[in-house]
Amino acid sequence: MHFFLRLSLTLIKMKNLTLLLTTLIFIFFCTIVMYILEPENFETIFTTFYFVMTTFATVGYGDYSPVTVAGKFFSVFMYLIGIGLLGVVIGKIVDSFTILRRKREEGRMNYMKNQHIIIVGWSKKTDIAVKEILDSEPTTEIVIVDQLRQSPIDLAYNRVHYIQGDPTEAETFEKANITKAKSVIIFSDDTIHDPSLKDAKTLLVAITVERLAPKIHSTVEVATEKHVSNFSHVKVDEFILSQETISHLAVRSALYKGVSQVFSQLISRQHGEDLYKISKKADWSTYNDAFQALLQNGATLIADRHLLDINRRLNETIPEEAVLYIICNRETYEKLKK
């Protein structure tokens, strides 16, 4: 009994690679020995290997079994050593999956894929943004960066990954593979109540992102509009003025009843008609060509980049750098993409 206890402890303390190699060598050894002892009974090496594995796994179907005394004695030896050895290997494998899952939940696993969207800072806004991305982009993956000890979102979402770390440090974004990311969204820290301090931290995060990935598309939430000028030396593609945006929308809703529903449709895939970006077609020379062609397919051309006066530019030639935006439903958009 003492021998088997010491053997079990020795196996458990083995390094994973050593244990795996030892198990494979032992399986190979048992297969060869059993075939040598009873070649007529087991017929082939593969059949012998099958018997050895069913013995180690304690399955014992009984379709093959040793018939000689030597074979039976060796089978007992396999029971005593092989079952314990394979059990430890399986236990190590299960433990490895448990460790990997814990690391993933705690944000300690590096993200290795590309073309993902990084979202900095966890809040209710982040939760809504994640659900919107998952609904809008069926293949895009998301990496959330925050300092929480455990992932704030259910990682059963196969397309959501969590990285724990200080977003003002380069190491954190390197774990998120920022150089291969498609874009980054930086939400202001809602745990900071002073708007100036909140924007100061956002600025520091934006500087870190710019230094590591100067070509990445960045969207930054700013608490106060007057602080936007402080970001002038940082390449930020889009600014979201959280307080002002809500205030402006509330005023427009008070002045024009029902206008908030229009905004909801434009900014969310979950409500009515949606806003989509579309590439210029080869047979579109002017904006009017694009407008009429899209209209016939059930879509409305509304803008080129930030230019919303398409109705006054119908006779103008569409520039090569044009970024066209349309309003339509998902079915129409999918048809236009084809």
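Thresholds applied
Residues numbered from 1 in each chain as written. Predicted model: local features only at pLDDT ≥ 70, side-chain atom pairs only at ≥ 80, totals over all residues. Heavy atoms only, no water. Pairing = 2+ DSSP bridges. Helix = DSSP H or I, 4+ residues; strand = E, 2+ residues; numbered from the N terminus. Axes fitted to C-alpha atoms, helices over the stretch in contact; angles between N-to-C directions. Contact = heavy atoms within 4.5 Å. Phe/Tyr/Trp six-rings, centres within 6.5 Å; stacked < 30°, edge-to-face > 60°. Buried < 20%, exposed > 50% of the residue type's maximum accessible area, 1.4 Å probe, protein only. Patch = residues over 30% accessible without salt bridge, like charges linked within 9 Å, V, L, I, M, F, W, Y side chains within 5 Å. Areas by Shrake-Rupley, 256 points an atom, 1.4 Å probe, with all protein chains shown as cover. Salt bridge = Lys/Arg side-chain N within 4 Å of Asp/Glu carboxyl O. Right-handed = clockwise from strand over helix to strand, strands pointing away.

### Brief notes about the sheet that holds strand 9 (residues 324-328)
Then, number 1: Reading across from one edge, 7-9-8 is the order of the three strands in this open sheet, with antiparallel pairing throughout. Of all the strands in the sheet, the pair left with one neighbour each is strand 7 (274-278) and strand 8 (300-304). Strand-to-strand twist in this sheet, taken as the mean axis angle between neighbours without regard to direction, amounts to 35°.
Then, number 2: By the bridge criterion, four bridges tie strand 8 to strand 9 in an arrangement that is antiparallel. When the sheet's bridge partners are listed, Leu 301 is paired in strand 9 with Ile 326.
Then, number 3: On the sheet, helix 11 (residues 287-296) packs against strand 7, strand 8 and strand 9 and is oriented at approximately 145° with respect to strand 8.

### A closer look at the packing of aromatic side chains
Then, number 1: In the structure shown here, the tally under the stated rule is six aromatic pairs.
Then, number 2: Between Tyr 276 and Tyr 333, the ring centres sit 4.2 Å apart and the planes meet at 10°, which makes this aromatic pair stacked. Taken together, the residues Tyr 276 in strand 7 and Tyr 333 in helix 12 (residues 330-337) connect sequence positions 57 residues apart. With respect to burial, Tyr 276 and Tyr 333 carry one shared label: buried.
Then, number 3: Taken together, the aromatic side chains of Phe 26, Phe 29, Phe 74 and Phe 77 make up a single cluster linked through ring pairs.

### Let's talk about the pairing of strand 9
Then, number 1: The alternating pattern of strand 9 places Leu 324, Ile 326 and Cys 328 on a buried face, while none of Tyr 325 and Ile 327, on the opposite face, is buried.
Then, number 2: Pairing analysis gives five bridges linking strand 7 to strand 9, with the strands arranged antiparallel. Bridging from a neighbouring strand, Ile 278 pairs with Leu 324 of strand 9.

### Describing a nonpolar patch on the surface
Then, number 1: Judged by side-chain polarity, Leu 17, Leu 20, Leu 21, Leu 24 and Ile 25 come together as a nonpolar surface patch covering roughly 510 Å² of accessible area.
Then, number 2: Inspection of the secondary structure puts Leu 21 in helix 2 (residues 16-37).
Then, number 3: Given the relative accessible area of 45%, Leu 21 is considered partly exposed.

### Things to note about the pairing of strand 4 (residues 183-186)
Regular strands show a simple pattern: their side chains alternate between the two faces of the sheet.
Then, number 1: Burial of strand 4 is two-sided: the residues Ser 183 and Ile 185 facing one way and the residues Val 184 and Ile 186 facing the other way are all buried.
Then, number 2: For strand 1 (residues 117-120) and strand 4, the ladder comprises four bridges, and the chain directions are parallel. The residue of strand 4 that forms the bridge with Ile 117 is Ser 183.
Then, number 3: Summarising the sheet, strand 4 and strand 5 (residues 217-222) pair through four bridges and their orientation is parallel. Among the inter-strand pairings, Ile 185 is bridged to a residue of strand 5, identified as Thr 219.
Then, number 4: The parallel pair strand 4 and strand 5 is bridged by helix 8 (residues 195-212), and the resulting crossover is right-handed.

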